[in-house]
Amino acid sequence: MPAGTHEPNALPNAPYPQTGKPPRKMMSEARFAFWLLLPTIVLVCGLLFYPFVYSIYLSFVDLNLTKPWKGPEFVGFKHFTDILTNTEFWQSMKVTVYFTFVSVVSSIAVGLLVSLALNSRFKLRGLARSLLLVPWAISGVINGLIWQWILHPNYGVLNAALTQTGFTDRYIAWLSDPVLSLNMVIVADLWKSFPFVALMYLAALQSIPKDLYEAAKVDGANSFAGFRFITLPLLAPITLVLLVLRTIDSFRIFDLIYVLTKGGPANATQVVGYYLYKEGFQFAKFGYSAAGSYVITFFILVLVFIYIKKLDRHNDF
Amino acid sequence: MDKVARKIAHALLMYAALVVIMFFTLAPFLWTVISSISPLKQLISVPLRWFPQEPDFGNYIKIFTSGGVFETFRTAIYNSLVVAISVTSVCLLFGSFGAYAFARLNFPLRDRIVVLFLFTQLIPGIAIALPTYIIFKNLQLLDTKLALILIHITFTLPFVIWVMRGFFQSIPKELEDASLIDGTSRFGALFRVILPVSTPGLFATGVFAFLGSWNEFGMALVLTGSPQSKTLPVAITEFLGRFTIDFGLMNAGGVIALLPPILLSLFFQRYLLDGLTSGAIKG
């Protein structure tokens, strides 16, 4: 049984054997914990919670950066209504949702298939597993650099390979076509994201006891039935975890877009993270961008909430 | 006979799948390495010649010895190292403090605070990028390595605490109790009993922290401006803008930036794979 199925239940009733300890000890325990956590609390409050709250303030005022003598001015929900009625914002949301959906589904599908292939016994399995770490360890920026060069319209290796093998007769401008470019960005993202999924699934697969399959075989089940009725159900918990992690990651994609397409062509790859960065830092529309960042935080929370609800329901049986 | 044929077909299919997987995994990386040691003339020849007749390390020599923009690039390597190493050490120190508190000590709201910490990981960077920029501007810390170090630590600590907490919880409590009875202080128990047996966890989280910081781009882009604080990812994007046609040089820059994370994760892979799975399964 994968660890994930019993861990969540084990957490709430973690044992605190307080038997025989004098109350004085309790005090010192809490105090000691406070000192241990102090640096973390200071940093998390100062540089995560405070900015997060500060950006609520930003989303309700106009800082009047061009007219500093006027000072910040309260504008109510203006930034929110502005952003929620802006077509470029909704266009970027559409791009983000498409990107997230295709990227999450494809990385989980490819990751699962890869893990199944790597789970069987063969020579160099350890090496193959290690090499999955290569794309995983590379940053989004370098990922962008690598794929920009692969997809180069005139000198890219993909075009060279496709023409030399006769698949196409002309070089394709992968990142200049609106539909093609978004999908090529997803391919680049997939290259970096599937190894993590595969490694997770691999770990889960290896924790499934072999005798389950043998018992099923004795009962006359073929290997497909074994996969369908043993493997898949036991992979469900880790799948939900992966869905949450991958969704959060994809929804806030930024570096890859920044390097690969800068949102182009014609905003076809402009994800919401890039759009808000552009509005906030290039056009100095602080309030507008802050309001937008709350809209997407809200989206992420809703998505995670839905997943967690599903996860809870799953743990019930 | 039929059974043997099926077995062979199955094996062939599997090896074919493996070849495809490994090709997709490694080819983009290898192509970058090959391009970085190929002469430019060859890279832009159509039809493309795939391998250089002899490797040309000119791009690397240029990056490590020339002046001007290359000096900036070298400073960026140095900055990235300083930032990532500081972030890793501080995260391991404060992270094991925090993890010990959550794993071993009893205090009010303990389990709620852990969950709250975990929720910080949901906040999208863009939601705090603007206020963070303003805060550091007011503190006059904009364009310093310190600002980047602080923000990277803040992003990484909750995760480190979460993973380390799992490691600490798996250590038998008796081990620590024995030393507490012997008169060791709690702090001594943490350093002399808990930490030495959690080295796998420390390695794993250490690599996570290092990679996270070394690879981080969004905040670095917003908070840094001049060569004194710019880290590699930022320098690389500028490099890309400047050498749009010197493809070999561009790839050499990329290889320099991707080598440390790859070497680190391959070197520590045993711990990393355990940490990766335990962290996410519990998370």
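Scroll up to find the structure this text is about.
Below is a summary of the structure that appears in this document.

A closer look at the overall build of chain B
Part 1 of the argument: Scanning chain B for helices and strands turns up 14 helices and zero strands.
Part 2 of the argument: Listed N to C, the secondary structure of chain B is α-α-α-α-α-α-α-α-α-α-α-α-α-α in terms of helices and strands.
Part 3 of the argument: Over its C-alpha trace chain B gives a radius of gyration of 24 Å, far above what one expects of a compact globule, namely 19 Å for 283 residues.
Part 4 of the argument: Overall, chain B is about 75 × 75 × 35 Å in size when its C-alpha atoms are taken along their principal axes.
Part 5 of the argument: Going through the 283 residues of chain B one by one, you find that 46% of them count as buried.
Part 6 of the argument: In chain B, the proportion of contacts linking residues at least 24 apart, taken out of those at least 6 apart, comes to 78%.

Section: the overall build of chain A
Part 1 of the argument: When helices and strands are counted, chain A shows 14 helices and two strands.
Part 2 of the argument: Every one of the 317 residues in chain A was classed for burial, and the buried ones make up 39%.
Part 3 of the argument: Considering only residue pairs separated by 6 or more positions, chain A has 70% of its internal contacts joining residues 24 or more positions apart.

Overview of helix H9 (residues 186–197) of chain B
Residues and elements named next belong to chain B.
Part 1 of the argument: For H9, with 12 residues, the first-to-last C-alpha span of 16 Å sits near the 16 Å given by 1.5 Å per residue.
Part 2 of the argument: For H9, the set of buried residues is Ala189, Leu190 and Ile194. Looking straight down H9, one finds its buried side chains confined to an arc of 100°; they lie on one side.
Part 3 of the argument: The secondary structure elements touched by the buried residues of H9 are helix H4 (69–104), helix H7 (145–169) and helix H8 (173–181).

Regarding the interface of chain A and chain B
Part 1 of the argument: Facing 79 residues of chain A, the contacting portion of chain B comprises 73 residues.
Part 2 of the argument: With 18 residues, helix H2 (residues 23–60) of chain A is the single largest residue contributor to the side of chain A that touches chain B.
Part 3 of the argument: Among the residues making up the side of chain A that touches chain B, the classes are represented as 61 nonpolar, 14 polar and four charged.

Scoring rules and cut-offs
Position labels on residues start from 1 in each chain and follow its written sequence. Chain labels run from A onward and ligand labels from 1 onward, assigned in the order the entries are written. With pLDDT at 70 or above as the cut-off, local features in this predicted model cover only qualifying residues; side-chain atom pairs require 80 or more to be listed or tallied, and sums for whole chains, interfaces and linings still use all residues. Only DSSP runs of H or I covering at least 4 residues are called helices, and only runs of E covering at least 2 are called strands; the numbering of each starts at the N terminus. Each radius of gyration is computed over the set of C-alpha atoms, and the globule rule expresses the reference value as 2.2 Å times the number of residues to the power 0.38. To assign burial, the other C-beta atoms lying within 10 Å of each residue's own C-beta are counted, with C-beta atoms placed from the backbone; 20 or more indicates buried, 12 or fewer indicates exposed, and intermediate counts indicate partly exposed. Each residue is represented by a C-beta atom placed from its backbone, and any two residues with such atoms within 7 Å are regarded as in contact. To estimate the expected span of a helix, count its residues, drop one, and scale the result by 1.5 Å. What the arc measures is the spread of directions leading from the helix axis to the C-beta atoms. By the convention adopted, Pro, Cys, Tyr, Trp, Phe, Met, Ile, Leu, Val and Ala count as nonpolar, Lys, Arg, Asp and Glu as charged, and the other residues, Gly among them, as polar.

This is a description of form; function is not addressed.
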